[in-house]
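# Summary of the model geometry
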Amino acid sequence: MTAEPTATTGRTLRIAYSPCPNDTFVFDAWAHGRVPGAPALDVTFADIDVTNGMAERGEFDVLKVSYAVLPWVLDEYALLPCGGALGRGCGPLVLTREPGLDLGGRTVAVPSERSTAYLLFRLWAADVLPDGVGRVVVMPFHEIMPAVREGRVDAGLVIHEARFTYRAYGLHCLADMGEHWESSTGLPIPLGAIIAKRSLGADTLRALAASARASVRMAWEDPEASRPYVRAHAQELDPSVADQHIGLYVNEFTADLGGAGYAAVRGLLTRAAAEGLVPPLPAGALEFV
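Residues numbered from 1 in each chain as written. Predicted model: local features only at pLDDT ≥ 70, side-chain atom pairs only at ≥ 80, totals over all residues. Heavy atoms only, no water.

### Examining the overall build of the protein
Short version of the rule: Here a helix means four or more residues in a row that DSSP labels H or I, a strand means two or more in a row labelled E, and each is numbered from the N terminus. Burial classification: accessible surface area is computed with a 1.4 Å probe over protein chains only, and a residue below 20% of its type maximum counts as buried, one above 50% as exposed, and the rest as partly exposed. In this analysis, two residues are considered to be in contact whenever any of their non-hydrogen atoms come within 4.5 Å of each other. For every accessible area listed, the method is Shrake-Rupley and the probe measures 1.4 Å; residues are considered covered only by the protein chains on display. When charges are tallied, Lys and Arg are placed among the positive residues and Asp and Glu among the negative ones, while His and the ends of the chain are skipped. Every charge is mapped to an atom, namely NZ of Lys, CZ of Arg, CG of Asp or CD of Glu.
Of the regular secondary structure elements, the protein holds 12 helices and 11 strands. Counting over 289 residues, the protein shows a buried share of 56%. Long-range pairs, those at least 24 residues apart, make up 81% of the contacts in the protein with a sequence separation of at least 6. Taken as a whole, the protein presents about 11900 Å² of accessible surface, with 49% of it coming from carbon and sulfur. Distance from the positive charge centre (24 side chains) to the negative charge centre (34 side chains) of the protein: 1 Å.

As structure tokens, then:
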């Protein structure tokens, strides 16, 4: 989808985000030219593991990525203070076929090793699994629940709408990574971030942040307007599940990270760096223009 360029940037900006309901809900008004004065967008849809790689290669102007990838990309990209996904009660789950399975020495499927879900899983495992897991395998997130159900892996780390659908696969929730994070830190769960190239300049970065805020507020004010866009890209997701997905992942932190949001991001990346999972963040790396 390509809009006409605007005076704000002088050109159409290339953006990539997922087809998940929370992203299409947030970006609907902006992508369809309904946000007055917003920079024009050329939209590409890609799963977040793909957009993480795009960010590391510097391929797009604006991207939705995992907070986990920030230490590798913040030299080229700035974190926008809005548009992303943080929250409470919305963390990744570890699923098994049998309730109460001991994961020591077991095989666990994860959607990515550069994902926030993976960092939360590793931090949880460091606290509760003294012997660690046996093996971690990466597979597309939509393949994880079938793999657990069929016994091809012992457990799976799942995200997004799998919170609402795993029981239909006959699976059990062994642990909630978000619950562990919240109970141990008191902070919201940082999941997905919106980043934009620093080379766009301060004026354009501020315009991007203002446009993201306006787009999400317009979606809240008129939810029906976004429904066709959400349904067109929801990969046959049941509409009620899509609504639950939006209700969980689009919240006050989407409009503005605020102090608690920034503390959550710093806390996650600081803890992950201490465990050797990510490089340390340079001072001031999260600051917006």
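Having seen the structure, we can now continue with the description.
### Re the nonpolar core
For clarity, the threshold we go by: We call a set of buried Ala, Val, Leu, Ile, Met, Phe, Trp, Tyr and Cys residues a nonpolar core when their side-chain atoms join them within 4.5 Å.
Judged by nonpolar contacts, the single largest core of 58 residues is most densely connected at Leu63, Tyr67, Leu70, Leu79 and Trp124. Residue contributions to this core peak at 8 residues, all from helix H4 (residues 116–128). Residues in contact with Leu70, not counting those within four places in the same chain, are Val65, Leu79, Ile195, Val265, Leu269 and Leu286.

### Comments concerning the pattern of salt bridges
What counts is decided by this rule: A pair is scored as a salt bridge if a Lys or Arg side-chain nitrogen falls within 4 Å of a carboxyl oxygen belonging to Asp or Glu.
What the rule picks out here adds up to 14 salt bridges. One salt bridge in this structure joins Arg106 and Asp154, with 3.9 Å as the shortest N-O distance. With Arg106 in the loop between strand E6 (93–96) and strand E7 (107–110) and Asp154 in the loop between helix H5 (141–149) and strand E9 (155–158), the pair connects residues that are 48 residues apart, well separated along the chain. Arg213 serves as the salt-bridge partner of Asp256, at 3.8 Å between the closest nitrogen and oxygen. Of this pair, Asp256 sits in the loop between helix H11 (252–255) and helix H12 (258–274) while Arg213 sits in helix H8 (residues 202–221), and the two are 43 residues apart along the sequence.

All we've got here are geometric facts, nothing functional implied.
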